[in-house]
Amino acid sequence: MSFVRTYTKPRVFAAAVLGSLVVGALLGVVARQTEAGWLTDLLDQIGTIFTTLLQIAVIPLVFTAIVVGINSLRKLGGGRTAARLGGKTVLWFAITSFIASLIGIAVGRIFNPGAGGLGGVEATAKNADKAAKSVDHWGSWDAFVNGLLPENFVKAFSDGETLQVLFLALVIGAAAYSLGDKAKPFVDFTTSVFEIIQRYLGWIVRLAPIGIIGLIGAAVANYGDALFRPLFSTTLAVYVGCLLVLFVVYPILLQFVAKVSPLKFFAKAGTAIQFAFASQSSAATLPLTRQSAVNLGVQPAYAAFATPLGSATKMDGCAAVFPAIAAIFVANLAGVSLNFWQYVGIVVVAVVGALATAGTTGWLTAFTLTTSFIGLDAKQVALGLALIYSVNPIMDMMRTATNVAGQIVVPTIVARSEGLLDDEVLDAPTDRPLTTDDGSAARHTEPAPA
């Protein structure tokens, strides 16, 4: 695929992203300092258009990627192999979520965001109203369970219900896998749609530098002051927690479990991580996430299964680090001291509630599930959420970058343990194209059926 070849030269993309971040931030500062409403509106419109173009593809991408990914496991062996790979993948999702949630709690305790109560901080009426509605909609396990099963196939797609689409994709993908050759026409059609969506996203990704200018510029113009005022400690804590996961936990796991050099990992996964930071969307980053895993030597058939599943359910930034810190923030606002079992509850939600974070509202679902599960007052939760809304775009950049990094790390670990990691591909130069025009990976060999 042409866009994959373009981004097998990550230094070019990295330079474009960094340049766009600087230009966008400068324009945002100018717009804020000069009170140039037209410039703020222009930046916001550019960012909105770019985000919309990405989001158009999210639902069909998740569905087709999961169906294709499940059926690609056939290349790796029989049903037992597929079950073992799926089980190991989910297990490592849980392990890294557990570690990330502990880091979130530790960082939250150190920074102690929101200590001293409100301290003059006020939530806008707009954010407070939005927060109250969000808590009502997302804040319970019943809402999650009821929202898992779609009323009908078409409605799940038309309403953009990512979790329901994910559920349908898993069921339909498994059914197609079980039917074998009888389902081949359907799988071939779905694969074609998947390739079309990836080509579309490839074109949109090329617009990333322009979109980033709008996204960053609008964030600085609209929320710049909030970052350096009452919510600074919360924002900083989220960044520190995510950076510890990204640059301490993941490198340790890569070095000692996957036997992969962290430097090689970041050299080859940097493109996806940077795009995730700018786009704030794991789903929109999926084609780059998948290709990064392949470039690291992960067998393409397994990468096709693990990365789309991870893009919807593997969110160490949004569903582990962030809700732990946010829960401490809300408790401090309310003047409540969390006890040992409430901290245990935060970890439990991070480990077993990952599936509930599917979609673009992953951080919101994780936040409300965590705070409701440990019994925090609903009014204080709504207030804390209203305050977080004001700096959420800034937080979400780091959270999403961490999410995507984890979505590449776990397949790399599992692939090594299963003998599905090609060291020849892993050791190939970073700038070397690893895909052919038809999207197949070079030099990967298929293992014997288990």
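Residues numbered from 1 in each chain as written. Predicted model: local features only at pLDDT ≥ 70, side-chain atom pairs only at ≥ 80, totals over all residues. Heavy atoms only, no water.

Time to look at the overall build of the protein. Each helix and strand in the protein was counted, giving 20 helices and 0 strands. In the protein, which comprises 450 residues, the proportion classed as buried is 56%. If you take every contact in the protein between residues at least 6 apart in sequence, the share linking residues at least 24 apart comes to 84%. (Helix = DSSP H or I, 4+ residues; strand = E, 2+ residues; numbered from the N terminus. Buried < 20%, exposed > 50% of the residue type's maximum accessible area, 1.4 Å probe, protein only. Contact = heavy atoms within 4.5 Å.)

Let's shift gears to the environment of Phe186. With respect to the helices, strands and loops of the structure, Phe186 is situated in helix H10 (residues 184–205). Residues Phe186 and Ala176 lie 10 residues apart in sequence; the distance between their C-alpha atoms is 7.9 Å. Contact partners of Phe186, with chain neighbours within four places excluded, come to Val67, Ile172 and Ala176.

Turning our eyes to something else, we now look at the packing of helix H14 (residues 286–295) against helix H15 (residues 300–313). Closest axis-to-axis distance for the H14/H15 pair is 9 Å, and the angle between their directions is 140 degrees. By the angle between their axes, H14 is oblique relative to H15. Of the two possible hands of crossing, H14 and H15 adopt the one that is right-handed. For the pair formed by H14 and H15, the contact residues are Leu286, Thr289, Arg290, Ala293 and Val294 on the first element and Pro300, Ala303, Ala304, Thr307, Pro308 and Ser311 on the second. Looking at the contact of H14 with H15, its residues break down into 7 nonpolar, 3 polar and 1 charged. (Axes fitted to C-alpha atoms, helices over the stretch in contact; angles between N-to-C directions. Parallel < 35°, antiparallel > 145°, perpendicular 65-115°, else oblique. Left-handed = near helix turned anticlockwise from the far one by under 90°. Nonpolar A, V, L, I, M, F, W, Y, C, P; charged D, E, K, R; others polar.)

Relative to the helices and strands, Ser97 resides in helix H5 (residues 79–111). Since its relative accessible area comes to 4%, Ser97 is described here as buried. Side-chain polar atoms of Ser97 contact the backbone oxygen of Phe93, separated by 2.9 Å. Setting aside anything within four residues of it in sequence, one finds Ser97 in contact with Lys314, Asp316, Ala320, Ala350 and Val351. (Polar contact = N/O pair within 3.5 Å; in protein donor to acceptor, adjacent residues only side chain to side chain.)

It is worth spelling out H15 at this point. A rise of 1.5 Å per residue sets the reference length of H15, with its 14 residues, at 20 Å; its end C-alpha atoms lie 20 Å apart and thus fit the reference within 8%. Taken across its 14 residues, H15 has 13 buried, putting it largely inside the fold. Where H15 begins, the side chain of Gln299 points an oxygen toward the backbone nitrogen of Ala301, at a separation of 2.7 Å. (Expected span 1.5 Å × (residues − 1).)

Time to look at the packing of helix H4 (residues 58–72) against H10. The geometry of a pair of packed helices is captured by two quantities: the angle between their axes and the separation between those axes. Packing of H4 against H10 leaves a shortest axis separation of 9 Å and a crossing angle of 130 degrees. If you check the angle between H4 and H10, you find them oblique. Regarding H4 and H10, the two cross each other, and that crossing is left-handed. Every residue of H10 that contacts H4 at Pro60, Leu61, Thr64, Ala65, Val67, Val68 and Asn71 is listed here: Phe186, Val187, Thr190, Thr191, Val193, Phe194, Ile197 and Leu201. Across the contact of H4 with H10, the residue classes break down as 11 nonpolar, 4 polar and no charged.

What follows deals with the pattern of salt bridges. Evaluated as defined, the whole model comprises 7 salt bridges. A salt bridge links Arg84 to Glu418, with the nearest nitrogen and oxygen atoms 2.9 Å apart. Of this pair, Arg84 sits in helix H5 while Glu418 is found in the loop between helix H19 (378–417) and helix H20 (423–426), placing the two residues 334 residues apart along the sequence. Take Arg84: its relative accessible area is 35%, and that puts it in the partly exposed class. Measuring nitrogen to oxygen at the nearest pair gives 2.8 Å for the salt bridge that ties Arg416 to Asp423. Judged by relative accessible area, which is 21%, Arg416 ranks as partly exposed. Residue classification places Asp423 among the partly exposed positions, given a relative accessible area of 34%. Put simply, Arg84, Lys88 and Glu418 are held in one network by salt bridges that share partners. (Salt bridge = Lys/Arg side-chain N within 4 Å of Asp/Glu carboxyl O.)

With the exception of glycine, the majority of residues adopt a negative phi angle, and the majority of peptide bonds are in the trans configuration. Phi at Glu35 takes a positive value of approximately 55 degrees, unusual for a residue other than glycine. Here Glu35 lies in the loop between helix H2 (10–34) and helix H3 (37–55). Here Glu35 falls in the exposed class, since its relative accessible area comes to 72%. In this structure, Lys259 takes a positive phi of about 55 degrees despite not being glycine. Its place among the elements puts Lys259 in the loop between helix H12 (232–258) and helix H13 (262–279).

In this model, the protein carries an average pLDDT of 79, and 78% of its residues clear a pLDDT of 70 or more. Across residues 432–450, where pLDDT falls below 50, the model places 49 contacts with residues more than four positions away in sequence or in other chains. (pLDDT = per-residue confidence, 0-100.)

Examined against the element boundaries, Asp396 turns out to sit in helix H19. The residues touching Asp396, leaving out its near neighbours within four places in the chain, are Gln280, Cys318 and Trp363.

Bringing the packing of aromatic side chains into the picture now. For the coordinates displayed, the defined rule picks out 8 aromatic pairs. Summarising the aromatic geometry, the rings of Phe247 and Phe266 are spaced 5.2 Å apart at their centres and angled 35 degrees between planes, so their arrangement reads as tilted. One end of the pair, Phe247, is in helix H12; the other, Phe266, is in helix H13, and 19 residues separate them in sequence. Look at Phe265 and Phe266: their rings are 5.1 Å apart centre to centre, the planes differ by 85 degrees, and that puts the pair in the edge-to-face class. For Phe265, a relative accessible area of 0% puts it in the buried group. Grouping aromatic residues by their ring pairs yields a cluster made of Phe63, Phe153 and Phe157. Note that Arg399 overlies the ring of Phe322, its terminal NZ or CZ placed 4.4 Å from the centroid. (Phe/Tyr/Trp six-rings, centres within 6.5 Å; stacked < 30°, edge-to-face > 60°. Lys NZ or Arg CZ within 6 Å of the ring centre and 35° of its normal.)

This brings us to a nonpolar patch on the surface. The grouping of Leu243, Leu244, Phe247, Val248, Ile252, Phe256 and Val257 at the surface amounts to a nonpolar patch, some 610 Å² of accessible area in total. When you line up the elements, Leu244 lands in helix H12. Judged by its relative accessible area of 34%, Leu244 is partly exposed. (Patch = residues over 30% accessible without salt bridge, like charges linked within 9 Å, V, L, I, M, F, W, Y side chains within 5 Å. Areas by Shrake-Rupley, 256 points an atom, 1.4 Å probe, with all protein chains shown as cover.)

Our focus in this paragraph is H12. For H12, with 27 residues, the first-to-last C-alpha span of 36 Å sits near the 39 Å given by 1.5 Å per residue. Downstream of H12 by a residue or two, Lys259 has a phi angle that is positive, lying close to 55 degrees.

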